[in-house]
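Structural overview
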Amino acid sequence: MSNQSVQTVGTSGDKLKVVLAVVAAIAGVVGFFYLAGQPTLVRAAALVVGLLISVGIAYTSTSGRDFINFSKEAVRETKKVVWPTRKEATQITLIVFAFVVVMAMFLWGTDKLLELVLYDLILGWKN
């Protein structure tokens, strides 16, 4: 378990940069929908420009650089994962499927047994 404390945006300059980044991202999305009558390329360009400006502003803040570094480390760790082969993935999937079928039959049987015991034998309610 990590003992690192939660980091928040420290200086007022960093807070302003984060707010401006959020505003730029929202402006890009609003621009995309505002230009509904325009060609799709113009709308997509408005969205991409807004998001790029947002990323650029966020990168100049301390928390933005920390987030970028965290993302790079996450990608690096993902590359270290040993992924199963297609055959292994298929075998595991079939085992899980078989287990689910067996558990479904067990739960159905338990339900029917309890129904028989409670309703037919104890309460005498014949269906």
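Residues numbered from 1 in each chain as written. Predicted model: local features only at pLDDT ≥ 70, side-chain atom pairs only at ≥ 80, totals over all residues. Heavy atoms only, no water.

**Thoughts on the UniProt feature "transmembrane region" (unreviewed entry) in the protein chain**
Mapped onto this structure's residue numbering, the UniProt feature "transmembrane region" (unreviewed entry) falls at residues 18-36, 42-62 and 89-109. Between the C-alpha atoms that bound residues 18-36 there is a distance of 28 Å. The span itself is 89% helix and 0% strand. A distance of 32 Å separates the end C-alpha atoms of residues 42-62, which is 90% helix and 0% strand. (UniProt positions renumbered as here; feature names shortened; annotations may be inferred. Helix = DSSP H or I, 4+ residues; strand = E, 2+ residues; numbered from the N terminus.)

**Comments concerning the packing of aromatic side chains**
The final tally for this structure, using the stated rule, is one aromatic pair. Between Phe-32 and Phe-33, the ring centres sit 5.2 Å apart and the planes meet at 85°, which makes this aromatic pair edge-to-face. Look at Phe-32 and you get partly exposed, because its relative accessible area is 21%. Positioned above the aromatic ring of Phe-32, the side-chain terminus of Arg-43 is 4.1 Å from the ring centre. (Phe/Tyr/Trp six-rings, centres within 6.5 Å; stacked < 30°, edge-to-face > 60°. Buried < 20%, exposed > 50% of the residue type's maximum accessible area, 1.4 Å probe, protein only. Lys NZ or Arg CZ within 6 Å of the ring centre and 35° of its normal.)

**Re the domain arrangement of the protein chain**
For the protein chain, the assigned domains read domain 1 (1-81) and domain 2 (83-126). Look at where the C-alpha atoms of domain 1 and domain 2 centre, and you get two points 47 Å apart. (Domains from an automatic or database assignment.)

**Regarding the side chain of Asp-14**
Along the chain, Asp-14 turns up in helix α1 (residues 12-34). Buried charge Asp-14 goes without a salt bridge, the closest partner of opposite sign being Lys-17 at 4.5 Å. (Lys, Arg positive; Asp, Glu negative; His and termini not counted. Salt bridge = Lys/Arg side-chain N within 4 Å of Asp/Glu carboxyl O.)

**Notes on a nonpolar patch on the surface**
There is a patch of nonpolar side chains on the surface, built from Leu-113, Leu-114, Leu-116, Leu-118, Tyr-119, Leu-121, Ile-122, Leu-123 and Trp-125 and spanning about 950 Å² of accessible area. Tracing the sequence through the fold places Leu-116 in helix α4 (residues 86-122). Leu-116 sits in the partly exposed class, given a relative accessible area of 40%. (Patch = residues over 30% accessible without salt bridge, like charges linked within 9 Å, V, L, I, M, F, W, Y side chains within 5 Å. Areas by Shrake-Rupley, 256 points an atom, 1.4 Å probe, with all protein chains shown as cover.)

**Quick look at the pattern of salt bridges**
Inspection of every chain in the model, using the stated rule, returns two salt bridges. Of the charged contacts, one joins Glu-77 and Lys-80 as a salt bridge, the two residues approaching to 3.2 Å between their closest N and O atoms. Residue Glu-77 is classed as partly exposed on the basis of its relative accessible area, which comes to 46%. The salt bridge partner of Lys-112 is Glu-115, with a shortest N-O separation of 3.3 Å. Of this pair, Lys-112 and Glu-115 both sit in helix α4, separated by three residues, roughly a single helical turn.

**What about the side chain of Ser-61?**
You can see Ser-61 is positioned in the loop between α2 (40-59) and α3 (62-79). For Ser-61, a relative accessible area of 0% corresponds to the buried category. Look past the residues within four positions of Ser-61 in its chain and what remains in contact with it is Asp-14, Lys-17 and Val-18. (Contact = heavy atoms within 4.5 Å.)

**Focus on the packing of α1 against α2**
Axis separation between α1 and α2 bottoms out at 7 Å; the angle between their running directions is 175°. The pairing of α1 with α2 is recorded here as roughly antiparallel in orientation. Only Arg-43, Ala-44, Ala-46, Leu-47, Gly-50, Leu-51, Ile-53, Ser-54, Ile-57 and Ala-58 of α2 make contact with α1, whose side of the interface consists of Lys-17, Leu-20, Ala-21, Val-22, Ala-24, Ala-25, Gly-28, Val-29, Gly-31, Phe-32 and Phe-33. Looking at the contact of α1 with α2 residue by residue, the classes come out as 15 nonpolar, four polar and two charged. (Axes fitted to C-alpha atoms, helices over the stretch in contact; angles between N-to-C directions. Parallel < 35°, antiparallel > 145°, perpendicular 65-115°, else oblique. Nonpolar A, V, L, I, M, F, W, Y, C, P; charged D, E, K, R; others polar.)

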